[in-house]
Amino acid sequence: MKQINNLIHTTASENGSPTRLQAVGDWMRDHRGFIQAIQWAVIIFYLALVITPAFLPLPKAYAHFYENLVLFAQFLFWGIWWPFVMLSMILFGRLWCGVFCPEGALSEWASRHGRGGAIPRWMRWSGWPFTAFVLTTLYGQLISVYEYPKAALLILGGSTVAAMVVGFLYGRGKRVWCRHLCPASGVFSLLARLAPVHFRVDRETWRQAPRRTPAVDCAPLINIADMTGNSACHMCGRCSEHREAVALSVRSPNREILSLSAETANRWDALLLIFGLLGVATGAFQWSASPWFVQLKQGLADWLIEHDVYWPLGDGAPWWVLTHYPETNDVFTWLDGALILFYIGATTLIIGGAFMLALRLAGWLLGQRELPWRLAYALTPLAGSSVFLGLSALTVSMLKAERLALPWVPQLRIALLAAGLLWSGWLLWRMLAKTPDEGATLTRRTFAWAALMGPAGLVAGSWIG
Ligand code: SF4
């Protein structure tokens, strides 16, 4: 506790000298070469792990992940990389994007050597992060991206190639891909709002800076003078101390969400939270273990056979359309593919629809005509814990396959889920307390809170049930 106090205290230097955190930001600014060396090292490691396993035979059932490259890459990508990148967003903001992400670094590199074209209008559509996340998640489930290296190469490698092509065509040394099209960027920008560190911009100092200064080479194209939060910032450090107004600082993890207004809240962010992270992702993580899915599939298969309709039971689709690995007895039929989409779609409609109804009800209770999109941001901690649980399930199952006893895991998972739910509930209550409409009485606010926490409880319950 004393150390945390020291850290917070040292971000508010009293004698004008840089605080410890500021010094970290300045160090990042002054050591671009070191950061680029990290990025190239990650790129080489990433390319080796994403390309090589796709050309190796699938592992035998008894193989260990530490002695088989295919399993090792699977464990690293999906068991460690994804869950902990998500967690890092909540702890450090988008540091992963600015310092470690191989795709962002390659896109920026391609942009430095590319055509330098203007960003087309269609690319600026703010619905891309939502659309790209949903499509990538669905496609990943159909071809079993977590299990098979060819599928991982297609999705991860395809995304990297697309990032480089976009970088080559548009922007001058910028990360146009990350800013507008990356399927993960919407999720990262939501989770980074909870980070307790950020590059704080002192607008007054910026405005009063006496000299003209060269523009900062901000790769994700941020207007730094107006930056108020973490959502787009890649934490690369290049703007640290610019005009003596930018400094790496600590803050309350709640501040960015609590300071949202109706004007600054974004409808696509809210949709990504309630339909994407809480809907599509929940369905994608849960369908394979759902007894309803199995019953529905069995019932439909019986019905089809009784009626002499056999084509939906065919399994001739190539592996890049539907999972197709006869050597491991893992082959999806057309019926499987359709039911996966149906299950995820139904989960999304039930969860997302319940949140939309709750938002409508909350708006009505608060006397607002518009949907109060800003309240949806309170669900970010729950969405973060839900996605972490889903991704880390693979980590746990791979470790269990190695006969590691992990008796504390179920309790830890419930505790994580409860923490996410409580944090969201508390944020929502604080946001409702700040609702400007004076007609919103305590009773109405309480009902609005309960309306939104109902579906939130439904999501949490789906992980326990
Ligand atoms: S605002 Fe831009 S330059 Fe500054 S840390 Fe964030 S990404 Fe880097």
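In total, this model carries 14 salt bridges according to the counting rule given. In this structure, arginine 29 and aspartate 26 form a salt bridge, with 3.7 Å as the shortest nitrogen-oxygen distance. Of this pair, arginine 29 and aspartate 26 both sit in helix α2 (residues 20–30), three residues apart, which is roughly one turn of the helix. With a relative accessible area of 26%, arginine 29 lands in the partly exposed category. Relative accessible area serves as the criterion here: at 10%, aspartate 26 is assigned to the buried category. Across the pair glutamate 241 and arginine 29 runs a salt bridge whose closest N-O atoms are separated by 3.2 Å. Note that glutamate 241 is positioned in the loop between α11 (203–208) and β2 (246–250) and arginine 29 in helix α2, a separation of 212 residues in sequence. Each of Glu108, Arg112, Lys174, Arg175, Asp217 and Arg238 takes part in one network of salt bridges that share partners.

Right, let's get into the packing of aromatic side chains. Applying the stated criterion across every chain, the model contains 23 aromatic pairs. Taking the centre distance of 5.7 Å and the plane angle of 45 degrees together, the rings of phenylalanine 130 and tryptophan 268 count as tilted. Separated by 138 residues along the polypeptide, phenylalanine 130 in helix α7 (residues 128–142) and tryptophan 268 in helix α13 (residues 267–286) bring together distant segments of the chain. Accessibility expressed as a relative area gives 18% for phenylalanine 130, which makes it buried. Put simply, the rings of Tyr46, Phe77, Trp78, Trp81, Trp82, Trp96, Phe100, Tyr146 and Phe188 touch in pairs and so form one group of aromatic residues. Here the guanidinium or amino end of arginine 444 rests over the ring plane of tryptophan 364, the centre of that ring lying 5.9 Å away.

Before going further, it helps to examine the site of the ligand. The environment of the ligand is made up of 13 residues, and the closest members are Cys218, Cys233, His234, Cys236 and Cys239. Broken down by class, the residue content of the shell around the ligand amounts to 10 nonpolar, two polar and one charged.

With 115 residues, the main nonpolar core has Phe188, Phe355 and Leu375 as its most contacted residues. Looking at this core, the element that brings in the most residues is α13, giving 13 residues. Mapped onto the domain boundaries, this core takes at least three residues apiece from domain 1 (31–192) and domain 2 (269–302 + 319–464). For phenylalanine 188, the contacting residues outside a window of four places in its chain are Trp82, Val85, Met86, Met89, Arg94, Trp96 and Cys97. Judged by nonpolar contacts, the second largest core, of 17 residues, contains Leu21, Trp206, Ala225 and Met235.

Here is what the cut-offs are and how they apply
- Residues numbered from 1 in each chain as written.
- Predicted model: local features only at pLDDT ≥ 70, side-chain atom pairs only at ≥ 80, totals over all residues.
- Heavy atoms only, no water.
- Salt bridge = Lys/Arg side-chain N within 4 Å of Asp/Glu carboxyl O.
- Helix = DSSP H or I, 4+ residues; strand = E, 2+ residues; numbered from the N terminus.
- Buried < 20%, exposed > 50% of the residue type's maximum accessible area, 1.4 Å probe, protein only.
- Phe/Tyr/Trp six-rings, centres within 6.5 Å; stacked < 30°, edge-to-face > 60°.
- Lys NZ or Arg CZ within 6 Å of the ring centre and 35° of its normal.
- Near = heavy atom within 4 Å.
- Nonpolar A, V, L, I, M, F, W, Y, C, P; charged D, E, K, R; others polar.
- Core = buried A, V, L, I, M, F, W, Y, C linked by side-chain atoms within 4.5 Å.
- Domains from an automatic or database assignment.
- Contact = heavy atoms within 4.5 Å.

Any functional reading would require information that these geometric values do not contain.
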